Amino acid sequence: MSQAVHANYINAEWVQGPSQRSNINPSDTRDVVGLFTQADEQQVDQAIQAAHTAAPAWALSNPQQRADALDKIGTEILARKDELGELLSREEGKTRPEGIGEFARAGAIFKFFAQEALRLRGDKLASVRPGLEIEVTREPIGVVGLITPWNFPAAIPAWKIAPALAYGNAVVFKPAELVPASAWALSEIISRAGLPPGVFNLVMGPGSVVGQAFLNDARVDGISFTGSAGTGARIAQAAVQRGAKFQLEMGGKNPCVVLDDADLDTAVNCVVQSAFYSTGQRCTAASRIIVQKDIYAEFLARLSAATQSLRVGHALAADTQIGPVVDESQLAQDLRYIAIAKAEGARHICGGEQVKGDTPGHFLRPALFADCDNRMQHCREEIFGPVASVIPADNYEHALSLANDTPFGLSSGICTRSLKHATHFKRHAQAGMVMVNVPTAGVDYHVPFGGRKASSMGSREQGSYAAEFFTTVKTSYLQA
Ligand code: ADP
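A short tour of the structure in this document, coming up. (Residues numbered from 1 in each chain as written. Predicted model: local features only at pLDDT ≥ 70, side-chain atom pairs only at ≥ 80, totals over all residues. Heavy atoms only, no water.)

Along its length, the chain carries 15 helices and 23 strands. What you see for the chain is a C-alpha radius of gyration of 23 Å, in line with the 23 Å of a compact globule of 480 residues. Viewed in the frame of its principal axes, the chain has a C-alpha envelope of about 70 × 65 × 40 Å. Residue pairs in contact within the chain that sit at least 24 positions apart in sequence constitute 73% of those at least 6 positions apart. (Helix = DSSP H or I, 4+ residues; strand = E, 2+ residues; numbered from the N terminus. Rg over C-alpha atoms; globule rule 2.2 N^0.38 Å. Contact = heavy atoms within 4.5 Å.)

Structure representation (structure tokens):
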């Protein structure tokens, strides 16, 4: 990327804001990925107004027009996934295969919702009153403000923008401050897809300015947010107060249960992938590893060996398995929780120390703790880093109760060869997503995503279930 300042996209024009922000590569802090403009309140106001003006006509647009635009976006993303994936890895720090995989997923999401635009259906019912006919239809909600986090710089924007547009909403998109390059590249592709002016707007800038403006502005009919629980609570409060629709995806403290009848190779692989890949920076990452006591010692030995063999380094180096932590403040948070775990009496098995790489980056060795108590602070709060806590369980029932004993409820995993326990766990895990013999993180793009308890609020994202948030239902009565 050149050092020109990347602009915001408002009403089909590229416009500079009053300030700018450097995007720093977490694998090499000397590398400036690019400069990105930052909006002020006045510029957010213009973007919201552009969307507000464009929304009524777009709401009535031909679904074929929406399908064509989304398909075009998906096709270009897929054709450029290697280049875009590398950019993503450079700014966020996940490995190159993870970055490419994420853009491939973003492309697939746009193509899926291209088709969904044509599949929006309603119901026709007989009335209980003579001569009346009833129709139930879905309409777009209007202007949606989309607020996204830094850990999935392409996939999360895609899974909000694509359904928003497919179902006929006008979009104001605010990406996370740390990862504007992927968002800008995605927006640049969207800007050439043939959408009418004002239907899609990109506004980069601080959450406290741009995000906050979405909360307060009556022209924003709905807010879809993924991020921290603290910001989510502010959004919920503001949205309820002014009657806006909202959808929140927040944290997790996901368990992975390993029973004594599990295939141990599968279980070690599930735990390593769930806990440490993408540097543990996934809301579906497993951080509580609940292990039945009959296999505890053997499993821990195998998990420890696998954890210590992980190669930590520059996200774009060919042999890297674990990229850097995203920035200094996240690194400080990880180190703080590692110190808390030690102070709470968790047995330190390996990792948790900073690693010096060939480049100045935020490298951290994946940390493993054992003999943890589920009531310990580091087992209750989301760390969002490569830190896993192994908790012993007496039997299946004990493991299930530990798995559910958490304020969160996003993803819940189990490794077992018992059909009885797998079936029981699927039914009784208090989570939005249940994983049997697969990692807690890593989901398909065409099925619902979301959680329970403190993890999520509002209807599910992704798949045809996304229509719940991005449309509103109308029931029409007709006397013929
Ligand atoms: P994280 O800790 O993952 O950065 P945040 O909740 O702080 O989580 O950020 C997620 C998204 O929410 C980012 O795009 C951020 O800019 C935005 N955000 C932060 N503060 C606010 C706010 N007060 N109102 C709306 N959005 C905000």
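With that out of the way, let us pick up the pattern of salt bridges. With the rule as written, the count across this model stands at 25 salt bridges. In this structure, Arg347 engages Asp371 in a salt bridge whose closest nitrogen and oxygen atoms are separated by 2.8 Å. Highlighted residues: Arg347 in strand 15 (residues 347–350) and Asp371 in the loop between strand 16 (367–370) and helix 12 (377–380), separated in sequence by 24 residues. Relative accessible area serves as the criterion here: at 35%, Asp371 is assigned to the partly exposed category. A network of salt bridges, in which partner residues are shared, links Glu76, Arg80, Glu83, Glu188 and Arg192. (Salt bridge = Lys/Arg side-chain N within 4 Å of Asp/Glu carboxyl O. Buried < 20%, exposed > 50% of the residue type's maximum accessible area, 1.4 Å probe, protein only.)

Glancing now at the layout of surface pockets. Empty space among the atoms becomes visible once a probe the size of a water molecule is rolled across them. Its volume calculated, the largest pocket comes out at about 800 Å³. Mapped onto the lining of the largest pocket, the elements with two or more residues apiece are helix 7 (207–216), strand 11 (222–226), helix 8 (229–242) and helix 11 (328–343). Of all the elements, helix 7 adds the most residues to the lining of the largest pocket, at five residues. The residue makeup of the lining of the largest pocket includes at least three contributed by each of domain 1 (5–250 + 455–479) and domain 2 (254–436). Taken as a whole, the second largest pocket spans an internal volume of roughly 310 Å³. Surrounding the second largest pocket, 16 residues form its lining, Arg105, Phe152, Arg282, Gly442 and Val443 being those nearest its centre. (1 Å grid on protein atoms, 1.4 Å probe; cavity = no way out; pocket = protein on both sides within 12 Å on 5 of 7 lines; lining within 4 Å. Points joined across faces, edges and corners; volume = space filled by probe spheres on them. Domains from an automatic or database assignment.)

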